Amino acid sequence: NFLNQIAAELDKRRNPNKMQNFKRPLLIFFPSAPALMRYYQSHAASKYKHILKILTPETIPSEKESVIRQATSPNSITLLTREFGRGTDFIIFDERVNEAGGVHVIQTFLSEEVSEETQIRGRSAR
């Protein structure tokens, strides 16, 4: 099941270095808000639902800023739509995130353009 595969990647990528009580932040990109919500409302996401943050074009501006700022914090998991893969800077403020390998990005869809995939992947280099 596709949704379970996303959850399995999330589990695998949160603590690759087995650092005690530290989980690296994850950005999980979806092609659309309905696809994001399918995952969020699925059983596959239930384990982390209490910490998942959501960012879609419908998110109010003041909340967007807060979610973007928190997205690179340790232990955070942010679900985003493809629109945030370009032009959104995710800045790391906690050096432990860099020490753990940085922010991990999971893209749940194939980009039609190489430039989009490159931009989304680049969110982990900020």
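Further up the page is the structure itself.
These numbers come from a predicted model, not from an experiment.

What counts and how
Residues numbered from 1 in each chain as written. Predicted model: local features only at pLDDT ≥ 70, side-chain atom pairs only at ≥ 80, totals over all residues. Heavy atoms only, no water. Helix = DSSP H or I, 4+ residues; strand = E, 2+ residues; numbered from the N terminus. Rg over C-alpha atoms; globule rule 2.2 N^0.38 Å. Buried < 20%, exposed > 50% of the residue type's maximum accessible area, 1.4 Å probe, protein only. Contact = heavy atoms within 4.5 Å. Pairing = 2+ DSSP bridges. Axes fitted to C-alpha atoms, helices over the stretch in contact; angles between N-to-C directions. Core = buried A, V, L, I, M, F, W, Y, C linked by side-chain atoms within 4.5 Å. Right-handed = clockwise from strand over helix to strand, strands pointing away. Phe/Tyr/Trp six-rings, centres within 6.5 Å; stacked < 30°, edge-to-face > 60°. Lys NZ or Arg CZ within 6 Å of the ring centre and 35° of its normal. Salt bridge = Lys/Arg side-chain N within 4 Å of Asp/Glu carboxyl O.

Caption draft 1: Focus on the overall build of the chain. When you go through the chain residue by residue, the secondary structure sums to five helices and four strands. Put simply, the chain runs from its N terminus to its C terminus through helices and strands in the order α-β-α-β-α-β-α-β-α. The C-alpha radius of gyration of the chain comes to 14 Å, within 12% of the 14 Å expected for a compact globule of 126 residues. Its C-alpha atoms put the chain at 35 × 30 × 30 Å along the principal axes. Out of the 126 residues belonging to the chain, those deemed buried represent 42%. Taking all contacts inside the chain whose residues are at least 6 apart in sequence as the whole, residues at least 24 apart take part in 69%.

Caption draft 2: Molecular detail of the sheet that holds strand β2 (residues 52-55). In spatial order, the strands read β2-β3-β1-β4; together these four strands make up an open sheet with parallel pairing. Across the chains shown, the open sheet's two edge strands, defined by having one partner strand only, are β2 and β4 (104-107). Direction aside, neighbouring strands of the sheet carry axes that sit 20 degrees apart on average. Where helix α2 (residues 33-40) meets the sheet, its contacts fall on β1 (26-30), β2 and β3 (77-81), and the angle it forms with β3 comes to roughly 150 degrees.

Caption draft 3: Broad picture of the nonpolar core. Core analysis: the biggest nonpolar cluster contains 17 residues, and Leu27, Phe29, Leu55, Leu80 and Phe90 have the highest contact counts within it. Elements represented by at least two residues in this core include exactly β1 and α3 (61-70). If you look at the next biggest cluster of nonpolar residues, it comprises 16 residues, including Leu10, Phe30, Ala44 and Tyr48.

Caption draft 4: Structural context of the pairing of β3. Here β3 lies mainly inside the structure; five of its five residues are buried. Neither face of β3 is open: one carries Ile77, Leu79 and Thr81, the other Thr78 and Leu80, and all of them are buried. Relative to β3, β2 runs parallel, the two sharing four bridges. Opposite leucine 52, over in β3, you have isoleucine 77 as the bridge partner. Of the crossover connections in this fold, the one passing from β2 over α3 to the parallel β3 is right-handed.

Caption draft 5: A look at the packing of aromatic side chains. For the coordinates displayed, the defined rule picks out one aromatic pair. A cation over an aromatic ring shows up here: lysine 49 above the ring of tyrosine 40, its NZ or CZ 4.6 Å from the ring centre.

Caption draft 6: Molecular detail of the pattern of salt bridges. Applying the stated criterion to the full structure yields five salt bridges. A salt bridge links lysine 12 to glutamate 9; the shortest N-O distance between them is 3.4 Å. With lysine 12 and glutamate 9 both in helix α1 (residues 2-14), this residue pair falls three residues apart, about one helical turn. Take lysine 12: its relative accessible area is 49%, and that puts it in the partly exposed class. For glutamate 9, a relative accessible area of 27% translates into the label partly exposed. Notably, a salt bridge pairs aspartate 11 with lysine 47, separated by 3.3 Å at the nearest N-O pair. With aspartate 11 in helix α1 and lysine 47 in the loop between α2 and β2, this residue pair connects regions lying 36 residues apart in the sequence. Residue aspartate 11 is classed as partly exposed on the basis of its relative accessible area of 36%.

Functional significance is not addressed by these values, which are geometric in nature.
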